[in-house]
Amino acid sequence: MPTGKEKSLGLIALAGLTPYQEKDGEEYMNDAQLEHFRKILSAWRDQLRQEVDRTVHHMQDEAANFPDPVDRAAQEEEFSLELRTRDRERKLIKKIEKTLKRIEEDDFGFCDTCGIEIGVRRLEARPTADLCIDCKTLAEIKEKQLQG
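The text that follows walks through the structure, step by step, so that each part is easy to find.

The rules we used
Residues numbered from 1 in each chain as written. Predicted model: local features only at pLDDT ≥ 70, side-chain atom pairs only at ≥ 80, totals over all residues. Heavy atoms only, no water. Helix = DSSP H or I, 4+ residues; strand = E, 2+ residues; numbered from the N terminus. Rg over C-alpha atoms; globule rule 2.2 N^0.38 Å. Buried < 20%, exposed > 50% of the residue type's maximum accessible area, 1.4 Å probe, protein only. Contact = heavy atoms within 4.5 Å. Areas by Shrake-Rupley, 256 points an atom, 1.4 Å probe, with all protein chains shown as cover. Lys, Arg positive; Asp, Glu negative; His and termini not counted. Charge placed at Lys NZ, Arg CZ, Asp CG, Glu CD. Core = buried A, V, L, I, M, F, W, Y, C linked by side-chain atoms within 4.5 Å. Expected span 1.5 Å × (residues − 1). Salt bridge = Lys/Arg side-chain N within 4 Å of Asp/Glu carboxyl O. Patch = residues over 30% accessible without salt bridge, like charges linked within 9 Å, V, L, I, M, F, W, Y side chains within 5 Å. Polar contact = N/O pair within 3.5 Å; in protein donor to acceptor, adjacent residues only side chain to side chain.

**A look at the overall build of the chain**
Each helix and strand in the chain was counted, giving 5 helices and 0 strands. Along the chain, from the amino end to the carboxyl end, the secondary structure elements read α-α-α-α-α. Its C-alpha radius of gyration of 20 Å places the chain more than 25% over the 15 Å reference for a compact globule of 148 residues. Counting only residues that meet the buried cut, the chain has 30% of its 148 residues in that class. Long-range contacts, defined here as pairs at least 24 residues apart, represent 55% of the contacts in the chain between residues at least 6 apart. Summed over all atoms, the accessible surface of the chain reaches about 10,300 Å², with 51% contributed by carbon and sulfur. Computing the positive centroid from 25 side-chain charges and the negative centroid from 32, the chain places the two 3 Å apart.

What follows is the structure, encoded as structure tokens:
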């Protein structure tokens, strides 16, 4: 079981990076930070694309005509679940592409609602975040009130 400094941090580890260490007096979302997030997002996008390709090949290889309706139904259910997962991943890829575009336009790292800095640690945990934690919490509360 990983402990201490060996602990994997998900997307950061996927990109082969370590958590960004901010320097004293460093400007928020400078070139080094933007490059750090660009690498994280690119690695994440590439991994998701590989999963989509893997699913296509898996479905082509596993497609069989089972004479037993139960076997056929089980295979169809498995394929349906995989397709739903891939659909969610395709939506996530679009969101990653949108975030990469925001980095290029120098509009990354700031809350869309109030304009304050989102924060390096929050962005490392959720690189596609476009709201600060306070605005996101308020949005979730409003959403629950509208549903309830």
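**Side note on the side chain of Thr 128**
Inspection of the secondary structure assignment puts Thr 128 in the loop between helix H4 (120-125) and helix H5 (133-147). Each residue touching Thr 128, except ones within four places of it in the same chain, is listed here: Leu 41, Trp 44, Lys 95, Ile 96 and Thr 99.

**Brief notes about the nonpolar core**
The biggest cluster of nonpolar side chains holds 24 residues, and the ones touching the most others in it are Met 29, Phe 37, Ile 103, Phe 108 and Leu 123. Among the secondary structure elements, those contributing two or more residues to this core are helix H1 (11-14), helix H2 (31-62), helix H3 (69-104) and H4. Among the elements that take part in this core, H2 stands out by supplying 6 residues, more than any other. Not counting chain neighbours up to four residues away, the residues in contact with Leu 123 comprise Tyr 28, Met 29, Phe 37, Phe 108, Gly 109, Ile 118 and Ala 129.

**Some remarks on H3**
With 36 residues, H3 should cover 52 Å at 1.5 Å per step; its first-to-last C-alpha distance of 52 Å lies within 8% of that length. Considered for burial, the residues of H3 that qualify are Gln 75, Phe 79, Glu 82, Arg 86, Glu 89, Ile 93, Ile 96, Thr 99, Leu 100, Arg 102 and Ile 103. Against the buried residues of H3 lie H2. Once H3 finishes, Asp 106 follows within two positions and takes phi at roughly 60 degrees, a positive value.

**Brief notes about the pattern of salt bridges**
Side chains that differ in sign of charge can pair as their charged atoms come close. Taken as a whole, this structure holds 13 salt bridges when the rule is applied. With a closest N to O distance of 2.8 Å, Arg 49 and Glu 97 form a salt bridge. One end of the pair, Arg 49, is in helix H2; the other, Glu 97, is in helix H3, with 48 residues separating them in the sequence. Arg 49 gets classed as partly exposed once you look at its relative accessible area, which sits at 39%. Owing to a relative accessible area of 31%, Glu 97 belongs among the partly exposed residues under this scheme.

**Re a positive patch on the surface**
A cluster of like positive charges, contributed by Lys 95, Lys 98, Arg 126 and Lys 136, occupies part of the molecular surface. With respect to the helices and strands, Arg 126 occurs in the loop between H4 and H5.

**Some thoughts on H2**
Here H2 spans 46 Å end to end across 32 residues, near enough to the 46 Å set by a 1.5 Å rise per residue. Sitting at the head of H2, Asn 30 places a side-chain oxygen 3.0 Å from the backbone nitrogen of Ala 32.

**Structural notes on unusual backbone geometry**
Notably, Met 29 is not glycine yet its phi reads approximately 55 degrees, a positive angle. Inspection of the secondary structure assignment puts Met 29 in the loop between H1 and H2. A positive phi angle, close to 60 degrees, is found at Asp 106, a residue other than glycine.

Bear in mind that shape data such as this cannot, by itself, settle questions of function.
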